Amino acid sequence: RVSPLMVDFFVLRSKISAVLPLEDEVCFQFPSHNTDSDNNSFDHYIGCLCLKNLIIIVNTGQAKEISLFVDILQSRFVLEEASTSGLLAVFLARESLLSVHFIDNLRELIFELDERIDRDPDSVDADEIRQAKRSQQRYETIADGQRLCFKQLSALGSDILNFSTASTHFQLAVTNG
């Protein structure tokens, strides 16, 4: 039986990072980067419903996360524990590494813009600077939302999600988030 609070959590989802621990399930959501280059949406959230032996992912963006689970099953990633917590820890680590990747690429772009301004100020369009600023704000918002959610998960004392046995991947997620 599914809790009515859990249904409300996913049906009435607002654009916030949140963790909802219930008796037999844990629900949470966090912002993520849209990997679809044609879509510059700011409203990309990943929601997770975790039961003892089941993870359901609700994604408002492209459904590319399934490839991560295929990769895990094909042994490209090493699970510290074959459990909901172990699989989820790898998924969250992957999400946090994606944030690091986007932020590093943005830093490189900003550095290149700065060098171009130094060499030839007229070669840099104001729209390029505005776009870089918007991207920086977006990435900071996503990283802050992930950090909040992952820290809440790390403080959660739950039989359903116990990251003590999947600590390497989960600590990577918390540190990067």
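> Even after reading the chapter, I still don't get the overall build of the chain, so can you show me in this structure?
The helix and strand tally for the chain stands at 5 helices and 4 strands. Ordered by position from N to C terminus, the α and β elements of the chain give α-β-β-β-β-α-α-α-α. The buried share of the chain, reckoned over its 177 residues, is 41%. Summarising the internal contacts of the chain: among those between residues at least 6 apart in sequence, 59% fall at separations of at least 24. When the accessible area of the chain is evaluated, it comes to approximately 10200 Å², of which 52% is carbon and sulfur surface.

> Can you walk me through the packing of aromatic side chains in this structure?
Geometry of an aromatic ring pair is reported as the spacing of the ring centres plus the angle between the planes. Scanning all chains against the criterion turns up 3 aromatic pairs. Note on Phe30 and Phe150: the rings are 5.2 Å apart at their centroids and 70 degrees apart in plane angle, and the pair reads as edge-to-face. Taken together, the residues span a long stretch of sequence, with Phe30 in strand S2 (residues 26–31) and Phe150 in helix H4 (residues 126–155) at a distance of 120 residues. We classify Phe150 as buried; its relative accessible area is 0%. An aromatic cluster is present here, built from Phe28, Phe30 and Phe150 joined pairwise through their rings.

> Mind showing me how you'd approach the pattern of salt bridges here?
Side-chain pairs of opposite charge can arise whenever the charged atoms involved come near each other. Tallied over the entire structure, the rule returns 5 salt bridges. The shortest N-O distance in the salt bridge between Arg94 and Glu95 comes to 2.4 Å. Glu128 is the partner of Arg116 in a salt bridge, and the nearest nitrogen-oxygen pair spans 2.9 Å. Of the two residues, Arg116 sits in helix H3 (residues 84–119) while Glu128 sits in helix H4, which places them 12 residues apart along the sequence.

> Got a minute to help me understand the pairing of strand S3 (residues 45–51) in this structure?
Remember that side chains alternate between the two faces of the sheet whenever the strand is regular. Within S3, 6 of the 7 residues are buried, leaving the element largely enclosed by the surrounding structure. Pairing geometry for S2 and S3, over 6 bridges, is antiparallel. Counted as the bridge partner of Cys27 is Leu49 from S3. Inspection of the sheet shows S3 paired to strand S4 (residues 54–59) by 6 bridges, in the antiparallel sense.

> Help me out: how do you make sense of the nonpolar core in this one?
One broad trend across soluble globular proteins is that nonpolar side chains are buried collectively. Within the largest apolar cluster, 19 residues are counted, with the highest numbers of intra-cluster contacts made by Val26, Phe28, Phe30, Leu88, Leu92, Leu153 and Leu161. Ranked by residues supplied to this core, first place goes to H3 with 4 residues.

> Mind showing me how you'd approach the environment of Phe163 here?
Its place among the elements puts Phe163 in the loop between H4 and helix H5 (167–176). Judged by relative accessible area, Phe163 falls into the buried class, the value being 8%. Sequence separation between Phe163 and Gly86 is 77 residues; the distance between their C-alpha atoms is 7.2 Å.

About the thresholds
- Residues numbered from 1 in each chain as written.
- Predicted model: local features only at pLDDT ≥ 70, side-chain atom pairs only at ≥ 80, totals over all residues.
- Heavy atoms only, no water.
- Helix = DSSP H or I, 4+ residues; strand = E, 2+ residues; numbered from the N terminus.
- Buried < 20%, exposed > 50% of the residue type's maximum accessible area, 1.4 Å probe, protein only.
- Contact = heavy atoms within 4.5 Å.
- Areas by Shrake-Rupley, 256 points an atom, 1.4 Å probe, with all protein chains shown as cover.
- Phe/Tyr/Trp six-rings, centres within 6.5 Å; stacked < 30°, edge-to-face > 60°.
- Salt bridge = Lys/Arg side-chain N within 4 Å of Asp/Glu carboxyl O.
- Pairing = 2+ DSSP bridges.
- Core = buried A, V, L, I, M, F, W, Y, C linked by side-chain atoms within 4.5 Å.

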